[in-house]
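Each chain, written out:
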Amino acid sequence: MKALIISSPNIRGRGGNIRSYYILRNIGKYLQTSSTYIIAVNTPQHIMNELRSLGYNIYGLNIGTKNVELAITKLIVNILNQVKSWNNFDVIISHSEHPLYVIPTYIISRVLQIPWTVIVNSHMYINPSYTYNRNRMLTLPRFVRSLLAINATNKTLVHLISNAIQEELAKAGFRFRYYDVLNIPVGIDQDSINKAIMRENDKNYDAAYMGVFTQEKGIYDLLLIAYKFKKIINKPLRILMLGKFEDRNEEHRFRTMSSKLGISDSFIFKGYLTGIEKYLELAKARLFLFPSHVDVFPISIIEALALGLPAITWDLPYARQFNTASVIKVNSINSFVSAMMNLLLNENYLSSLSKEARKYTSRFTWENAALCEYKAYIKTIEWWTKNS
C-alpha cells in the first residue's frame, strides 16, 4: 500500500500529536515505509529526522496557525506542488479532524481522484458550534471552516478513536455519516509500566489526578471532593497532581479556593512528568480520580489502570468506552466521595479491581493500535471500491 499521511507528529504535543507520533513509529511494520509519504505540518526537526531514519519520505511544512484560512490555503498549494513529483497513492490519510488537515486532505484527494480518510481524535475541533475558550464567542470563520470540514468527512469513511465523539457531536446536531470506531485506538508504554510495578512502591497518596489543570478537566470538582472527604473522615485526602495549569490565573484561582476551603495540604503537585518517572510516581497512589467534563478516550485512565489504579470518573460518553468494573462511573460529588471511600476502606475490593484493571489494559500497546489503524486504511480503500 502506498499512503500519503498529513500529520503533525510530536511526542510533546497534544493527544492527537502524541498518538500520531507513536502510530508512525509502529505502523511501518505493516506499511512499507519507503512507499509512505508524510506531510509533517509544524513538526520539530528532530521528530522528522527520527521518522526519516525509519525509512519514511518526509516533507516538512512550517505554516502559521493564527490565520487558519491562510494556513489551509498554504497547505493545499504546497502539497499540490509536492505531489507532482511523487507517484500515485492508494489512499490519503489525515491524522487529525481539525479543518487545517481535513480540508486540504479532501481537496488533494479530489484532485488526484483517490480514496481518503480521517482519523478523528476529538469532537471539539470539527464541531461547528464548539468554542475552545469558554470566555469567547463563536466566530463566523471558525463556524464556516468547521462546517466545511464535517461536510467533507461525510463524503468518505472516517475512523473514530471513540464512539463518544459521535455522541458529543450529536448533542450539537451534527454527526458523521459513514464511520467506524477503532478497536484499539491508542497504546501505552507497557514495558515502562511493568518496570514501575516491579519496584517496591509505598502508597504515599490516597488518589491521583493526571492531565491538564483546567475547569473543563474537572479540577474544581477535585476541590469539592477533597473538601467533602475531609469533612467525613476528619483527615485530609492526599491527591497526587501530575500535569500543569494552562495559565497563571487558573493556578491562582485553584490555590486560593483550596486555601479558603482548608484543603491546601490535600494536593501534592509534582509537575509534568514523562516516561518511567511518571509511572513510578503514579504507582504510589491507591486509586485514580478523573472528573473531566470534556474527553473522548483519555489515555491517562488507561495508564492508571495499567498500573493497577481503579478509576472513578463522571458517567459521561467517554467513560462508557471503558467496559470494565475497574472504571467506576458516578453522577454526583457525593457519589464520587462514596466510591472513593468504598475503595480506600475496603482493601479486598480495591485489590480485586486493581487486578481487573491490569488485565483489561494488557491489549493497549502501540503495536496493536498501529495494526488497528492499518486495517482502517484497508477498510477505507474497500469502502471506496464499493461506493465510487
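Since the structure is predicted, the reported quantities are computational estimates derived from the model, not experimental observations.

Parameters and conventions
Every chain's residues receive numbers from 1 upward, in the order its sequence appears when written. Local features in a predicted model are, by the rule used here, given only for residues with pLDDT of at least 70; side-chain atom pairs are given and counted only at 80 or more, and totals for whole chains, interfaces and linings are based on all residues. Hydrogens and water molecules were not included; the side-chain quantities draw on all heavy atoms of the structure. Secondary structure follows DSSP: runs of H or I at least 4 residues long count as helices, runs of E at least 2 residues long count as strands, and numbering of each begins at the N terminus. What the globule rule says is 2.2 Å times the number of residues to the power 0.38, and the radius of gyration is computed from C-alpha atoms. Remark: exposure states derive from per-residue accessible area (1.4 Å probe, protein chains only) relative to the maximum for the residue type, with buried under 20%, exposed over 50%, and partly exposed in between. Every residue pair with non-hydrogen atoms within 4.5 Å of one another is taken to be in contact. Surface accessibility follows the Shrake-Rupley procedure with a 1.4 Å probe radius. Residue values consider only the protein chains on display as shielding. Residues counted as positive are Lys and Arg, residues counted as negative are Asp and Glu, and His and the chain ends are not counted. A single reference atom marks each charge: NZ on Lys, CZ on Arg, CG on Asp, CD on Glu. We call two N or O atoms a polar contact when they sit within 3.5 Å, provided that within protein one can donate a hydrogen and the other can accept it, with sequence-adjacent residues counted only if both atoms are side-chain atoms. A pair of Phe, Tyr and Trp rings is counted when the ring centres sit within 6.5 Å of each other, with Trp represented by its six-membered ring. The angle between the planes then sorts it: under 30 degrees is stacked, over 60 is edge-to-face, the rest tilted. Criterion for a charge above a ring: Arg CZ or Lys NZ at most 6 Å from the ring centre, at most 35 degrees from the ring normal. In this analysis, strands are considered paired if DSSP registers two or more bridges between them. Classification remark: right-handed applies to a crossover when, strands pointing away from the viewer, the course from the first strand over the helix to the second runs clockwise. The convention used is that axes are lines fitted to C-alpha atoms, helices contributing only their stretch in contact, and that angles between N-to-C directions extend from 0 to 180 degrees. With respect to orientation, any angle under 35 degrees is reported as roughly parallel, any angle over 145 as roughly antiparallel, any angle of 65 to 115 as roughly perpendicular, and every other angle as oblique. By definition, any crossing whose near helix is turned counterclockwise from its far helix by less than a right angle is left-handed, and any crossing with a clockwise turn is right-handed. Each residue is assigned to one of three groups, with Ala, Val, Leu, Ile, Met, Phe, Trp, Tyr, Cys and Pro labelled nonpolar, Asp, Glu, Lys and Arg labelled charged, and all others, Gly among them, labelled polar. A helix's residues, less one, multiplied by 1.5 Å, set its expected span.

Asker: So what exactly am I meant to see when it comes to the overall build of the chain here?
Answerer: The number of helices and strands found in the chain is 14 helices and 13 strands. Taking 388 residues into account, the globule formula puts the C-alpha radius of gyration at 21 Å, and the chain, at 22 Å, falls close to it. C-alpha extents for the chain along the principal axes are approximately 70 × 45 × 40 Å. Here the chain holds 388 residues, and 54% of them are scored as buried. For the chain, the share of sequence-separated contacts (at least 6 apart) that also reach a separation of at least 24 residues comes to 70%. For the chain, the accessible surface area stands at approximately 17600 Å², while carbon and sulfur atoms represent 49% of it. Side chains of the chain carry 46 positive and 29 negative charges; the gap between the two charge centres is 3 Å.

Asker: Sorry, what's going on with the side chain of threonine 33 here?
Answerer: With respect to the secondary-structure elements, threonine 33 resides in the loop between helix H1 (15-26) and strand E2 (36-41). A residue is classified by how much of its surface remains accessible, and threonine 33, at 17% relative accessible area, is buried. In terms of polar contacts, threonine 33 uses its side chain to reach the backbone carbonyl oxygen of leucine 54, at 3.1 Å. In this structure, threonine 33 is in contact with Gly28, Leu54, Gly55, Tyr56 and Asn57, ignoring residues within four places of it in sequence.

Asker: Hey, could you run me through the packing of aromatic side chains in this one?
Answerer: For any pair of aromatic rings, geometry is given as the distance between the ring centres together with the angle between the planes. Counted under the stated rule, the structure contains 22 aromatic pairs. Between phenylalanine 213 and phenylalanine 269, the ring centres sit 6.0 Å apart and the planes meet at 65 degrees, which makes this aromatic pair edge-to-face. On the criterion of sequence distance, the pair formed by phenylalanine 213 in strand E8 (residues 205-213) and phenylalanine 269 in strand E10 (residues 267-271) is long-range, its members being 56 residues apart. Joined through ring pairs, the aromatic side chains of Tyr209, Phe213, Tyr220, Phe245, Phe254, Phe267, Phe269, Phe288, Phe290 and Tyr318 make up one cluster. Between the NZ or CZ atom of lysine 244 and the centre of the ring of tyrosine 272, over which it lies, the distance is 5.6 Å. The ring of tyrosine 220 carries arginine 253 above its face, with NZ or CZ at 4.3 Å from the centroid.

Asker: Mind showing me how you'd approach the pairing of strand E3 (residues 57-61) here?
Answerer: Across a regular strand the side chains alternate sides, sitting on one face of the sheet and then on the other. Bridge analysis of E2 against E3 gives five bridges, and the strand direction is parallel. Note that in E3 the partner of alanine 40 across the bridge is glycine 60. Assessed by its sense of winding, the connection that carries the chain from E2 through helix H2 (residues 45-53) to E3 is right-handed.

Asker: Teacher, can you tell me more about the sheet that holds strand E11 (residues 285-290) here?
Answerer: Hydrogen bonds between backbone groups are what pair the strands of a sheet, and the pairing can be parallel or antiparallel. Within the open sheet, the six strands sit side by side as E10-E9-E8-E11-E12-E13. Their pairing is parallel. The open sheet has two free edges, formed respectively by E10 and strand E13 (327-330), since each of these has just one partner strand. When the angles between neighbouring strand axes are averaged without regard to direction, this sheet yields 25 degrees. As paired elements, strand E12 (residues 311-314) and E13 share four bridges and run parallel to each other. Paired with alanine 311 across the two strands is valine 327, which belongs to E13. Where helix H11 (residues 299-306) meets the sheet, it contacts E8, E11, E12 and E13, and its direction lies at approximately 165 degrees from that of E11.

Asker: Would you take a moment to explain the sheet that holds strand E5 (residues 116-120) for this structure?
Answerer: Pairing in this open sheet of seven strands is parallel, and the strands run E3-E2-E1-E4-E5-E6-E7 from one edge to the other. The open sheet has two free edges, formed respectively by E3 and strand E7 (179-181), since each of these has just one partner strand. With strand direction ignored, the average angle separating the axes of adjacent strands in the sheet is 20 degrees. Where helix H3 (residues 68-83) meets the sheet, it contacts strand E1 (3-7), E2 and E3, and its direction lies at approximately 150 degrees from that of E3. Relative to the sheet, helix H14 (residues 366-387) contacts E1, strand E4 (91-94), E5, strand E6 (158-160) and E7, its axis offset from that of E5 by approximately 140 degrees.

Asker: How should I be thinking about the side chain of serine 192 in this particular structure?
Answerer: Position of serine 192 relative to the elements: it lies in helix H7 (residues 190-198). With a relative accessible area of 14%, serine 192 lands in the buried category. If we ignore the near neighbours within four places in the chain, the residues touching serine 192 are Ile276 and Tyr279.

Asker: It is not clear to me how the packing of helix H8 (residues 219-233) against helix H12 (residues 333-344) should be interpreted in this structure. Could you clarify?
Answerer: Axis angle and axis distance: for two packed helices, these are the angle between their axes and the distance between the axes, and together they describe the pair. Where H8 contacts H12, the two axes come as close as 9 Å, and the packing angle between them is 55 degrees. Taken as axis vectors, H8 and H12 run oblique relative to one another. The element H8 and its partner H12 pack so that their crossing is right-handed. Contacts from Asp221, Leu224, Ile225, Lys228, Phe229, Ile232 and Ile233 in H8 reach Ile333, Asn334, Phe336, Val337, Met340, Met341 and Leu344 in H12. Residue composition of the contact of H8 with H12, by class: eleven nonpolar, one polar and two charged.

Asker: What am I meant to see in H1 here?
Answerer: Residue pairs three or four apart in sequence face the same way in an α-helix, which turns once every 3.6 residues. Here H1 is twelve residues long and its end C-alpha atoms lie 17 Å apart, about the 16 Å a rise of 1.5 Å per residue gives. The complete set of buried residues in H1 reads Arg19, Ser20, Tyr21, Ile23, Leu24 and Asn26. Contacts from the buried residues of H1 go to E1, E2, H2, E5 and H14.

Asker: When you look at the environment of leucine 307 in this model, what are you seeing that I'm missing?
Answerer: Within the secondary structure, leucine 307 is located in the loop between H11 and E12. Given a relative accessible area of 7%, leucine 307 falls into the buried group. Taking the C-alpha atoms as reference points, leucine 307 and tyrosine 279, 28 residues apart in sequence, are found 7.6 Å from one another. Among residues more than four places away in sequence, those in contact with leucine 307 are Ile193, Ala196, Ile197, Tyr279, Leu282, Ala283 and Arg358.

No statement about biological role is implied by the geometric values presented.
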